[in-house]
Structure formats: C-alpha cells, structure tokens
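Now for the letters of each chain:
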Amino acid sequence: MLLTIRKYGDPVLETPCEQVADFGSAELRQLAANMFETMYGNKGVGLAAPQIGVSKQLTVIDVSAGEDSSAKLVLINPEIVSREGQQLGEEGCLSIPGFREDVRRAMKVRVRALDLDGKEFEVEGDELLARAIQHEIDHLHGILFLKHLSPLKRDLIRRKIAKLVKAGEW
Ligand code: NI
C-alpha cells in the first residue's frame, strides 16, 4: 500500500521518534512492506517512519533502488557505532521535494540495529549507503538534511517553501 509522505512543515518530521518495543508482529512487517513500496513508488533510496506519520524508530533503505533484493535494509532503533572519513555530495529528501543540496557526511559508518523480529545485527556501509544511513537515522531523531546546511542556504529554502505553501503548491 502506498502511504502519504509528510512534507516539510509537518511537525512529525521534527519530533524525535520513540523506540520500537513490539517485534515480530504482522503489523510491523506490514508497515515495513508499505514503507518499501512507498519508497520505490517515489524513487527514493530511503524512507523513515516519521515521513509517513509514524513517530517510531524504523527506517527502510535500498540504495540499489529495487535492483538488488539483497540491498534491502530495515533498521529499527538504529545507532551509529562508528564513523570514518568524510564525503560531500548532493542529497535530497522525499519530504522536501524539489530541493537538493550538498551535505557533508561521514564516508563510512557502522550501525547497530534490530530487525523486524527484534534480533540485533550490525551493518557497515560507505559512500551512498553511508549517506542514506546517516540521513535516515537523522530522521528518527527529528533532524532534516536542512539542518546540515549553512543558515543562509537553509533560510533561502525555507522562504521558497513558504512561498509554495502560500501558493497551495506544497
Ligand atoms: Ni529524508
């Protein structure tokens, strides 16, 4: 099922999410499946639960954009345990459509998370996967990529979005 993606301005996007406490339920599995479908349907490589209005620490990622089923990742209550290096690259967000900006991120990260059954695992990623992991985990803490931009750039984007809201185009 395709879910509605919340856009910048919706308070759920800037609210830290609660940890997931119930595992192994059909409901949780369905939520993750719907999030993958919504992410693919919107040509994204990551989607976090608050983006569909669920304030829970759950995110789905697939940097292969559906090409490689082994690239599908579900991260629940994730925590970055190590970071290495730096990368500067363009980043966008399904909740801030039409805006892309360069964001500095760690080049490589290692993350510890729980899967849909509540089983702990660790995964490591670099380049685009590292960027997606950092972007999505930020979402779970109520942080949007705009927060990583200079105040000047951030204000410019905010003003453009305010105009779109006024015009009924957001
Ligand atoms: Ni995003």
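Notes on the structure in this doc start here. (Residues numbered from 1 in each chain as written. Predicted model: local features only at pLDDT ≥ 70, side-chain atom pairs only at ≥ 80, totals over all residues. Heavy atoms only, no water.)

Now for helix α1 (residues 26-41). Helix length check: α1, at 16 residues, gives a terminal C-alpha distance of 22 Å against a target of 22 Å (1.5 Å per residue), a fit within 8%. Within α1, burial applies to L28, L31, A32, N34, M35, F36, T38 and M39. If you follow the buried residues of α1, they end up packed against β1 (46-48), β2 (58-61) and β3 (73-84). One or two steps after α1, the chain reaches K43, where phi turns positive at roughly 55 degrees. (Helix = DSSP H or I, 4+ residues; strand = E, 2+ residues; numbered from the N terminus. Expected span 1.5 Å × (residues − 1). Buried < 20%, exposed > 50% of the residue type's maximum accessible area, 1.4 Å probe, protein only. Contact = heavy atoms within 4.5 Å.)

Turning next to the packing of aromatic side chains. A full pass over the atoms with the stated rule returns two aromatic pairs. Ring geometry for F36 versus Y40: centroids 6.0 Å apart, planes at 20 degrees, classification stacked. You can see F36 and its partner Y40 sitting in helix α1, four residues apart, about one turn around the helix. Residue F36 is classed as buried on the basis of its relative accessible area, which comes to 7%. (Phe/Tyr/Trp six-rings, centres within 6.5 Å; stacked < 30°, edge-to-face > 60°.)

Paired through their backbone hydrogen bonds, the strands of a sheet run either parallel or antiparallel. Across the sheet, which stays open at both edges, the five strands sit in the order β1-β2-β3-β6-β7 with antiparallel pairing between neighbours. For this open sheet the edge positions go to β1 and β7 (120-126), each flanked by a neighbour on one side alone. Strand-to-strand twist across the sheet, computed as the mean angle between neighbouring axes with direction ignored, equals 35 degrees. Across seven bridges, the pairing between strand β6 (residues 108-114) and β7 is antiparallel. Along β7, the bridge assignment pairs A113 with F121. Each of β1, β2 and β3 is contacted by α1, which is oriented at about 45 degrees to β2, the strand it contacts most. (Pairing = 2+ DSSP bridges. Axes fitted to C-alpha atoms, helices over the stretch in contact; angles between N-to-C directions.)

What follows covers the coordination of the nickel ion. Ideal geometry at a metal gives 109.5 degrees between four tetrahedral donors and either 90 or 180 degrees between six octahedral ones. Summarising the metal site, the nickel ion is bound by the protein donors C93 (SG), H135 (NE2) and H139 (NE2), whose distances to it range over 2.0 to 2.3 Å. Of note, the donors binding the nickel ion are all from one chain and are spaced C-x41-H-x3-H. Taken together, the positions of C93 in the loop between β4 (87-91) and β5 (101-105) and H139 in helix α2 (residues 127-140) put the pair 46 residues apart, joining distant regions of the chain. Judged by relative accessible area, C93 falls into the buried class, the value being 9%. (Donors = N, O, S within 2.8 Å, 3.2 Å for Na, K, Ca; no water.)

On to the side chain of D62, then. If you trace the backbone, D62 turns up in the loop between β2 and β3. No salt bridge is formed by the buried D62; its nearest oppositely charged neighbour, K72, is found at 6.7 Å. Polar contacts involving the side chain of D62 include one to the side chain of Y40, which spans 2.5 Å. There is a polar contact of 2.7 Å between the side chain of D62 and the side chain of S64. The residues contacting D62, other than those within four sequence positions of it, are M39, Y40, V45, D68, A71 and K72. (Lys, Arg positive; Asp, Glu negative; His and termini not counted. Salt bridge = Lys/Arg side-chain N within 4 Å of Asp/Glu carboxyl O. Polar contact = N/O pair within 3.5 Å; in protein donor to acceptor, adjacent residues only side chain to side chain.)

The next point concerns the pattern of salt bridges. Going through the model one piece at a time under the given rule, you end up with 13 salt bridges. The closest approach of N and O atoms between K108 and E124, which form a salt bridge, is 3.9 Å. Placement of the pair is K108 in strand β6 and E124 in strand β7, with a sequence separation of 16 residues. Among the residues examined, K108 registers a relative accessible area of 29% and is labelled partly exposed. In this structure, R112 engages E120 in a salt bridge whose closest nitrogen and oxygen atoms are separated by 3.9 Å. Look at R112 and you get partly exposed, because its relative accessible area is 30%. The network of salt bridges with common partners includes K108, R110, R112, E120, E122 and E124.

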